[in-house]
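Descriptive structure summary
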Amino acid sequence: MATALVPIELPEWAWQRAEVREALRERNMGAVFRRVQQYGGASQARIATAVAMTQARVNEVINGRREVTRLEVFERIADGLNMPDEARHLLGLAPARDMRSGERAFDLAAFPEVVRVYATQAAASRDIQQLATSARQLDVLAVRGLGLVGLKDSLLRSSLTQREGQQTLQLRVLLLDPESPALAERATEIGESAESLAGGVKLAEARLRELSSVCDLQVYRYEMRPTWRIIRLDDTLFVSAFDAGWEGHESATYKVMETPHGPLYRGFQRMFASMVETGIRTV
């Protein structure tokens, strides 16, 4: 049985829940504590011990009679709840210290937007799918997109078709123009025929049309040589790269979050908007 002395450990998916992320952004510790109770099964006494507060103070925060405003208290709460670096980032805090070396996991001042790096897209799939279940806006930049949204067993398809009762999703997808010289170049890079690659793009467009009934859908073709593979879910980007000899899903994947002055998120968003403006809409 868990006791107040046992560190609080929430499952990773709990920190990805939309209501938890919103509470962290708003620095609403009462809402955070309530979710810790819900998803972690922690009592008020256990939370109090973990974050070095009295149980009475935790009760006041939970019931909205007191607010947390001091930075050192936010730090203590983040440490006591074992918040992952992404959650700390949403709260406006630096990443946790590496307990073995005493150093930061990475330099937040140098890379304020990059909150996680995955070896491949597969390693990021659980986080991506979790965010997709509640996202209001989804942008996808791909070559043919079959592995992302085109097929029934693709990364995002099930998350998009199981959103009953939620706000309508705005979905924009950019696919490589099957008639463009860039597609033939890309086919050569990956050892595939241009005909096969072009057929994959057209199949993806056909399958995407099926999503028109469950989301506000826009599909465009672009003509530039593919370099970046992007999945944007509201304020979070998952970015990987195309190169000769490998597909985007085989690349390292960077999780980038919007910050007030960060250039990466804004730069990728600006690039996507420009490609939409110059692209040809097909769906």
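None of these values were measured; they are calculated from a predicted model.

1. Re unusual backbone geometry
A negative phi holds for most residues other than glycine; trans holds for most peptide bonds. Its identity is not glycine, yet Ala-52 carries a phi of approximately 60°, on the positive side. For Ala-52, the location among the structural elements is in the loop between helix H4 (44-51) and helix H5 (55-62). For Asp-234, which is not glycine, the phi torsion reads 55° and is therefore positive. Positionally, Asp-234 belongs in the loop between strand E5 (228-233) and strand E6 (236-241). Take Asp-234: its relative accessible area is 19%, and that puts it in the buried class.

2. Regarding the side chain of Ser-251
Structurally, the position occupied by Ser-251 is in the loop between E6 and strand E7 (253-257). Once you skip the residues sitting within four places of it in the chain, Ser-251 turns out to touch Ala-119, Thr-120, Gln-121, Ser-240, Ala-241 and Trp-246.

3. With respect to the sheet that holds E6
The strand order across the open sheet built from 8 strands is E1-E7-E6-E5-E2-E3-E4-E8, with neighbouring strands paired in mixed fashion. Looking at which strands have only one partner, the edges of the open sheet turn out to be strand E1 (114-118) and strand E8 (280-281). As judged from the 4 bridges shared by E1 and E7, these two strands associate in the antiparallel manner. Looking across to E7, one finds that Tyr-118 is bridged to Thr-253.

4. Looking at the environment of Arg-232
Structurally, Arg-232 can be placed in strand E5. Along the sequence, Arg-232 and Gly-145 sit 87 residues apart, while their C-alpha atoms lie 14 Å from each other. The residues contacting Arg-232, other than those within four sequence positions of it, are Gln-137, Leu-138, Asp-139, Arg-172, Leu-237, Tyr-265 and Gln-269. Among the polar contacts listed, one links the side chain of Arg-232 to the side chain of Gln-137, at a separation of 3.4 Å.

5. Re the nonpolar core
Counting residues in each nonpolar core, the largest one holds 52 residues, and the members touching the most others are Leu-138, Leu-156, Leu-171, Ile-231 and Leu-233. The greatest single-element share of this core, amounting to 6 residues, is contributed by strand E3 (residues 169-176). Grouped together as the second largest cluster of nonpolar side chains are 34 residues, Leu-24, Ala-87, Leu-91 and Met-257 included.

6. Brief notes about the pattern of salt bridges
All chains considered together, the criterion is met by 26 salt bridges. When the shortest N-O distance is used, the salt bridge between Glu-72 and Arg-70 registers 2.7 Å. Residue Glu-72 is classed as partly exposed on the basis of its relative accessible area, which comes to 42%. The closest approach of N and O atoms between Lys-255 and Glu-86, which form a salt bridge, is 2.4 Å. Separated by 169 residues along the polypeptide, Lys-255 in strand E7 and Glu-86 in helix H7 (residues 85-90) bring together distant segments of the chain. In this pair, the class of Lys-255 matches that of Glu-86, namely buried. Salt bridges sharing common partners tie together Glu-12, Arg-21, Glu-22, Arg-25, Glu-86, Arg-116, Asp-127, Asp-235 and Lys-255.

Parameters at a glance
- Residues numbered from 1 in each chain as written.
- Predicted model: local features only at pLDDT ≥ 70, side-chain atom pairs only at ≥ 80, totals over all residues.
- Heavy atoms only, no water.
- Helix = DSSP H or I, 4+ residues; strand = E, 2+ residues; numbered from the N terminus.
- Buried < 20%, exposed > 50% of the residue type's maximum accessible area, 1.4 Å probe, protein only.
- Contact = heavy atoms within 4.5 Å.
- Pairing = 2+ DSSP bridges.
- Polar contact = N/O pair within 3.5 Å; in protein donor to acceptor, adjacent residues only side chain to side chain.
- Core = buried A, V, L, I, M, F, W, Y, C linked by side-chain atoms within 4.5 Å.
- Salt bridge = Lys/Arg side-chain N within 4 Å of Asp/Glu carboxyl O.

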